[in-house]
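# Architecture and fold: a report
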Amino acid sequence: MAVSEKQQQLLRMIPGVDRIIEILGNERDLDTVPKDILTRCVRKVTEQIRKDIFSDGAKVSEKHLGIEQILKKIRTHIQKSMAPRLVPVVNATGVVVHTNLGRSLLPSDALKNLLKINSRYSNLEFDIEKGKRGSRYAIVEDILCEICGADSAIVVNNNAAAVLICLDTLAKGMEVIVSRGELVEIGGSFRIPDVMAKSGAILKEVGTTNRTHPRDYENAISERTVLLLKVHTSNYHIIGFTSEVTLGELVGIGASYGLAVMEDLGSGTFIDFSRFGLAKEPTVQESVSTGADIVTFSGDKLLGGPQAGIIVGKTATIEKIKKNPLNRALRIDKMTLAALESTLRLYRQPENAVELIPTLNMILMPVARIEEKASRLLYSLENLKIPELSAHIMDLTSRAGGGSLPMLKIPSKGIGVSVKTMTVNAVERFMRNHIPPIIGRIEDDLFIMDLRTIQVDEMAIIDSAFKTMLNKE
Ligand SMILES: *Cc1c(COP(=O)(O)O)cnc(C)c1O
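This write-up is about the structure you can find in this document.

Here is what the cut-offs are and how they apply
- Residues numbered from 1 in each chain as written.
- Predicted model: local features only at pLDDT ≥ 70, side-chain atom pairs only at ≥ 80, totals over all residues.
- Heavy atoms only, no water.
- Helix = DSSP H or I, 4+ residues; strand = E, 2+ residues; numbered from the N terminus.
- Contact = heavy atoms within 4.5 Å.
- Polar contact = N/O pair within 3.5 Å; in protein donor to acceptor, adjacent residues only side chain to side chain.
- Buried < 20%, exposed > 50% of the residue type's maximum accessible area, 1.4 Å probe, protein only.
- Near = heavy atom within 4 Å.
- Areas by Shrake-Rupley, 256 points an atom, 1.4 Å probe, with all protein chains shown as cover.
- Nonpolar A, V, L, I, M, F, W, Y, C, P; charged D, E, K, R; others polar.
- Pairing = 2+ DSSP bridges.
- Axes fitted to C-alpha atoms, helices over the stretch in contact; angles between N-to-C directions.
- Core = buried A, V, L, I, M, F, W, Y, C linked by side-chain atoms within 4.5 Å.

Another point: the environment of Asp450. Mapped onto the fold, Asp450 is located in strand β18 (residues 446-450). Here the alpha-carbon distance between Asp450 and Ala92, two residues 358 residues apart in the chain, equals 5.1 Å. Residues within four places of Asp450 in sequence aside, it is in contact with Ala92, Thr93, Gly94, Leu396, Thr397, Ser398, Ser412, Lys413, Gly414 and Arg441. A polar contact is formed between the side chain of Asp450 and the side chain of Ser398, at a distance of 2.9 Å.

So, on to unusual backbone geometry. Most peptide bonds take the trans configuration, and most residues that are not glycine carry a negative phi. Cis geometry is found at the peptide bond from Ile435 to Pro436, where omega equals -5°. Here Pro436 shows up in the loop between α18 (424-433) and β16 (438-439). Residues other than glycine seldom take positive phi values, yet Arg103 does so here, at roughly 55°. Relative to the elements of secondary structure, Arg103 occurs in the loop between β2 (95-97) and α5 (108-118). With a phi angle near 50°, Lys385 is a residue other than glycine that sits in the positive phi range. Inspection of the secondary structure assignment puts Lys385 in the loop between α17 (367-383) and β14 (389-401). Its relative accessible area of 64% is what places Lys385 among the exposed residues.

Let us look at the site of the ligand. Taken together, the neighbourhood of the ligand is formed by Arg103, Asn158, Asn159, Ala160, Ile186, Phe190, His232, Ser234, Asp264, Gly266, Ser298 and Lys301. Contact between the ligand and Arg103: an oxygen atom at 2.9 Å from a side-chain N or O atom of the residue. A distance of 2.9 Å separates an oxygen atom of the ligand from a polar backbone atom of Ala160. Here the ligand, which alone exposes 380 Å², has 95% of that area covered by the protein. Taken together, the residues of the shell around the ligand break down into three nonpolar, six polar and three charged.

Before going further, it helps to spend a moment on the sheet that holds strand β11 (residues 260-266). Strand order in this open sheet of seven strands is β5-β13-β12-β11-β10-β6-β9, and the pairing throughout is mixed. Every interior strand has two partners, whereas the edge strands, β5 (152-156) and β9 (202-206), have only one. Ignoring strand direction, the axes of neighbouring strands in this sheet form an average angle of 25°. Pairing geometry for β11 and strand β12 (residues 294-298), over four bridges, is parallel. Note that in β12 the partner of Met262 across the bridge is Ile294. This element, helix α6 (residues 138-148), spans β5 and β13 (309-313) of the sheet and lies at about 120° to β5.

Right, let's talk about the nonpolar core for a bit. Counting residues in each nonpolar core, the largest one holds 55 residues, and the members touching the most others are Phe270, Phe297, Val312, Leu340, Leu344, Tyr347 and Ile363. Residues Ile186, Ala260, Met262 and Leu330 belong to the second largest nonpolar core, which totals 30 residues.

Spatial relationships are all this shows, so hold off on functional conclusions.
Structural data, given as structure tokens:
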């Protein structure tokens, strides 16, 4: 490749790696940066500058290549590579179980137990009474059965794993009947037909998208059929001319033909939301009481605990699942178990659960409380006395999220902000890149923050972000 005079001149302006390291090595702020990382960052940035000179010479000129500018670039790069990747964010979206933002916040009891159990040895797989090897599944089995009325229970890594191991155990190489209206895709990577294929079970679709009848299942039963599967349509709703077969009806058909019946409840809740004036979501207790062999659900959706897949049902079936070698690969870890046990214990007193489990607390938070929070945030934003900033309280609708309560829109309150000197996209981008990031949404040319999911101690963060954005500090 021919190097032009101009390019050569620019290349000569880049200081040598050793020289840069010598300068940065003396900076107090970089004291804690390991030498390797420092060197790697210097190399990376100077290489990039060289590439820029060759790829688009016109864009890089002398004025970009002052020593201070290059050092500044490197310092930014070092800061980025030293900063942790997993960081807390402020959820101002109003979506309570936000899969991209980590789903459920753990109850404080669960956090304490996480620390307590994981900073010491524990009886994870040790039966203290008998003095010999025990099972990690025993830790939450009793309490799960107590809460939902099932005979037996086992927990795995997540609900996708729960569905996979159930199908693998009950239906490998055999036929499973599912309604066409229930072949869901969750978050792009979990699709019932794909999980079915991975488990080696053969999917037999019945009915139509909007209507499936008991006779559709019955007509599809062959000598290879072993399981009837019902899937909760977590993230969509079929409305209009519809008809579905209830879990209870499926259990009836299963009994007449000697087939197992399973439900993937998706979210799974122990609390009947209709008691609080929200839409009816089937509870785990109701599903179990139909007599279904197996019910699966997530630990970190409406349950409000850690990521986990919970399988409850009949003892004979759960025993088979416990013996499946896949279990070892999908097994729950002790951090999750510690958090899950604490979360489940809160359900022994439902008033406690609703108060102390953040997911439930946020979903059921009365609008008046949210408005109070919105007023406080508005007051402190107005107190910044920034003329370019205008903010007002708005009526919003929050969502439960996480593929749960799909049609449920919960009335909420929030703050809509506009800044005279900035586009709304620039405001959104600034807030998103703030440390910690503040994730809101844009609507009607306003940056909108729903107060339902903003924690009280996060208000000051928002305040200070606006101050910084508008250079008022
Ligand atoms: C969310 C969901 C899953 C997947 O659960 P994870 O805990 O995210 O693995 C499976 N099925 C249904 C119906 C769901 O809603």
